[in-house]
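Okay, here's what each chain looks like letter by letter:
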Amino acid sequence: MKNLKLSERLGLVSYRNQAKSEIKPHIVVDTGICNSGCPHKCTTWVCPANCYTLDESDQVHFQVEDCIECGTCMYACDQGAVDWNYPDPEIGRGVTWNFG
Amino acid sequence: MDEKFDCIVIGGGVAGLSAALTLARNNMKFLLIERGEFAGSKNVSGGVLWGSDLNKLVPNYWEEEDGGWERFINHRRLTFMDEQSTFSLDFKSKHFNEAPYSGVVVLRSKFDNWLSAKVQEAIDASDFAMDSFIATNIKVDEVLMENDKAVGIRTGEEEFHADSVIIAEGVNNLLTRQVGLQDKYVPADHMLTGIKEVIRFDQKVLEDRFQLNGLSGMSNEFVGWATDGVEGGGFLYTNRDTISLGLVLSIKDMREKKRSPHDLLNHFKTHPTIADAIRGGEIVEYSAHVVSSGDSRAMPKELYKDGILIAGEAANLLMNAGKAIQGMDYAMRSGILAAETIVKAKEQNDYSSAVLREYRAVLNDSYVMKDINNFQDAVHLLHTETMQSKVPNLICDFGRQFFTIKNEPTPKSEKMLLGAIKRHSSLWELIQLGFKARKSL
């Protein structure tokens, strides 16, 4: 079986409120902390949905749209940069699993 | 809704639903709150629900045409893996064919939803058919405290009041932290990320490939090359016409070794044994969720306080001591015990910790805490490098020699074994391991 790219995998996820252009992020990341002395920037590889990315100058960026609410970043970040919460059912994003 | 409930249950997972079902059957007036569209819609597991508690909760559940579960386990396999080979302990028995089964594979979006329908039926049959509710699409923002006693919950601007709150919010236990029973920051040390794909087959193909008969199923756990040196393991469970294939990976180890879970899942799938098992399948879902390791050091400080009980994985009730990954059965039992404690508290009209500490006592006395406490050394042992890579490599190396027929004089097995031991470990290390294993397992 052909291995899927992460984008193809995430394409199989049912996200909530996908029609809404404005959503309230359920995770707030202080990337200032990530980019000013975090020794590892590990969220950029441990996140199963690749919500955390590095640009060409090694700066961490965060987007919440692909988040599958797994919680990994909340534990992985030991620098206090991740303010993790559950998405609001009405104005947040998050997932609805079809299998789970 | 100005009226006060006897209990508010937070979370429509296995723990919360088991608690709610028990409350309904004891004529309690309660509110079950689930943040997803329906119970199960936010939940992920491997997963097998082990043991026969389900039959206590929903008697004769297996008689239903489509009872929420996928397949019963009558075939178990533990596989050691190196780069090219797999060496398995394989046990299949007719003994496991009789209901109530000793384990059923579930997909949570379906199973929890089914269990939630059972809760609604029990509500309808109770004295509070019009006053107890399952409320979905509601996120609890806060457990309301008065004089350090829980008095209800707040969601947005709205408040709901109750004599007691059962927190069954799952492993990412924000409310357990809010009420002070767990530290605000839980480090990665004893936490893992579970990651999986659900892969669909023609049902006949699936049944033939895994030698399934009717609704029988197989559970297979993997240790070794599966995780490419990262602490953790792999799993494969058969559902009706899909399989659940995935890994459980230490977050701390991924952080330190700079490994990403989705790359590791792809790595696992390239192993020849796995590739043969999944050939021709279609991936229908990709999911991930944090899971606790079962190390009791990650548990909340306490599981009760005035007006509050913590059940299921919010209490980090989960364990993999080598035999099986148990969590949903712990959730079920702890949910039931929490609800029974609330029933007693109502009889005594005292929801303070003086009565609620009974929950801790009965949980400690149950197989859940007995096993968690008895098998802590096994949990630690499983997470050592020796067990994670040296032993699987050694076993596969030995297997390759033992099963190779060369038309040459064959060395005795002991010599083969000693050679494999020397290449991957040492006799001394294995003797130490043997002692530890004997004591811990």
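For the structure, check the block above.
Trainee: Describe empty space enclosed by the protein, and please don't skip the residues or the numbers.
Mentor: Residue and element names in this part refer to chain A. Under the defined criterion, the tally for this structure stands at three cavities of 30 Å³ or more. Quantified by volume, the largest cavity comes out at close to 90 Å³. Lining the largest cavity are 14 residues, and of these Cys-47, Cys-51, Cys-67, Cys-70 and Cys-73 lie nearest its centre. Among the residues making up the lining of the largest cavity, the classes are represented as twelve nonpolar, two polar and no charged.

Trainee: Lay out the packing of helix H1 (residues 14-25) of chain B against helix H3 (residues 108-124) of chain B in plain terms, naming residues and giving numbers.
Mentor: When two helices pack together, you describe them by how their axes are tilted relative to each other and by the distance separating the axes. All names here are of chain B. At a closest axis distance of 8 Å, the pairing of H1 and H3 adopts a crossing angle of 15°. Relative to H3, the element H1 is oriented roughly parallel. Of the two elements, H1 crosses H3, and the hand of that crossing is left-handed. Across the interface between the two elements, Val-14, Leu-17, Ser-18, Ala-20, Leu-21, Ala-24 and Arg-25 from H1 touch Arg-108, Phe-111, Asp-112, Leu-115, Ser-116, Lys-118, Val-119, Ala-122 and Ile-123 from H3. Of the residues assigned to the contact of H1 with H3, the class counts are ten nonpolar, two polar and four charged.

Trainee: How would you summarise the layout of surface pockets if you had to cite specific residues and measurements?
Mentor: For the second largest pocket, the calculated volume is near 390 Å³. Surrounding the second largest pocket, 19 residues form its lining, A:Asp83, A:Trp84, B:Leu174, B:Arg177 and B:Lys184 being those nearest its centre. Every element with two or more residues in the lining of the second largest pocket is listed here: strand S4 (82-84) of chain A together with helix H4 (174-178) of chain B. Here the lining of the second largest pocket takes four residues from H4(B), the largest share from any one element. Broken down by class, the residue content of the lining of the second largest pocket amounts to ten nonpolar, three polar and six charged.

Trainee: Mind laying out the pattern of salt bridges, listing which residues take part and the relevant values?
Mentor: This structure, assessed with the given rule, holds 37 salt bridges over all chains. Of the charged contacts in the structure, one is a salt bridge between A:Lys2 and A:Glu8, with a shortest N-O distance of 3.9 Å. The class for A:Lys2 is exposed, based on a relative accessible area of 60%. Note that B:Arg77 and B:Asp90 form a salt bridge whose closest N and O atoms lie 2.7 Å from each other. Of this pair, B:Arg77 sits in strand S4 (residues 69-81) while B:Asp90 sits in strand S5 (residues 86-92); the two residues are 13 residues apart in sequence, bridging distant segments of the chain. By sharing partners, the salt bridges in this structure join B:Asp66, B:Glu70, B:Lys110 and B:Arg240 into a single network.

Trainee: Describe the packing of aromatic side chains, naming the residues involved and giving the relevant values.
Mentor: Residues and elements named next belong to chain B. Overall, the coordinates contain 15 aromatic pairs over all chains when judged by the stated rule. Here the aromatic rings of Trp-69 and Tyr-101 are separated by 5.7 Å at their centres, their planes lie at 50°, and the arrangement is tilted. In this pair, Trp-69 is assigned in strand S4 and Tyr-101 in the loop between S5 and strand S6 (103-106), connecting sequence segments 32 residues apart. Note on Tyr-101: relative accessible area 11%, which makes it buried. Ring geometry for Phe-235 against Tyr-237: centres 5.4 Å apart, planes inclined by 15°, an arrangement best described as stacked. Considered together, Phe-235 and Tyr-237 belong to a single accessibility category, that of buried residues. One aromatic cluster is present, formed by Tyr-61, Trp-62, Trp-69, Phe-72 and Tyr-101 through successive ring pairs. The residue whose ring lies beneath Lys-29 is Phe-5, and the NZ or CZ to ring-centre distance is 6.0 Å. One Lys or Arg, Arg-240, reaches over the ring of Trp-69 and ends 5.6 Å from the middle of that ring.

Calculation notes
- Residues numbered from 1 in each chain as written.
- Chains lettered and ligands numbered in written order.
- Predicted model: local features only at pLDDT ≥ 70, side-chain atom pairs only at ≥ 80, totals over all residues.
- Heavy atoms only, no water.
- 1 Å grid on protein atoms, 1.4 Å probe; cavity = no way out; pocket = protein on both sides within 12 Å on 5 of 7 lines; lining within 4 Å.
- Points joined across faces, edges and corners; volume = space filled by probe spheres on them.
- Nonpolar A, V, L, I, M, F, W, Y, C, P; charged D, E, K, R; others polar.
- Axes fitted to C-alpha atoms, helices over the stretch in contact; angles between N-to-C directions.
- Helix = DSSP H or I, 4+ residues; strand = E, 2+ residues; numbered from the N terminus.
- Parallel < 35°, antiparallel > 145°, perpendicular 65-115°, else oblique.
- Left-handed = near helix turned anticlockwise from the far one by under 90°.
- Contact = heavy atoms within 4.5 Å.
- Salt bridge = Lys/Arg side-chain N within 4 Å of Asp/Glu carboxyl O.
- Buried < 20%, exposed > 50% of the residue type's maximum accessible area, 1.4 Å probe, protein only.
- Phe/Tyr/Trp six-rings, centres within 6.5 Å; stacked < 30°, edge-to-face > 60°.
- Lys NZ or Arg CZ within 6 Å of the ring centre and 35° of its normal.

No statement about biological role is implied by the geometric values presented.
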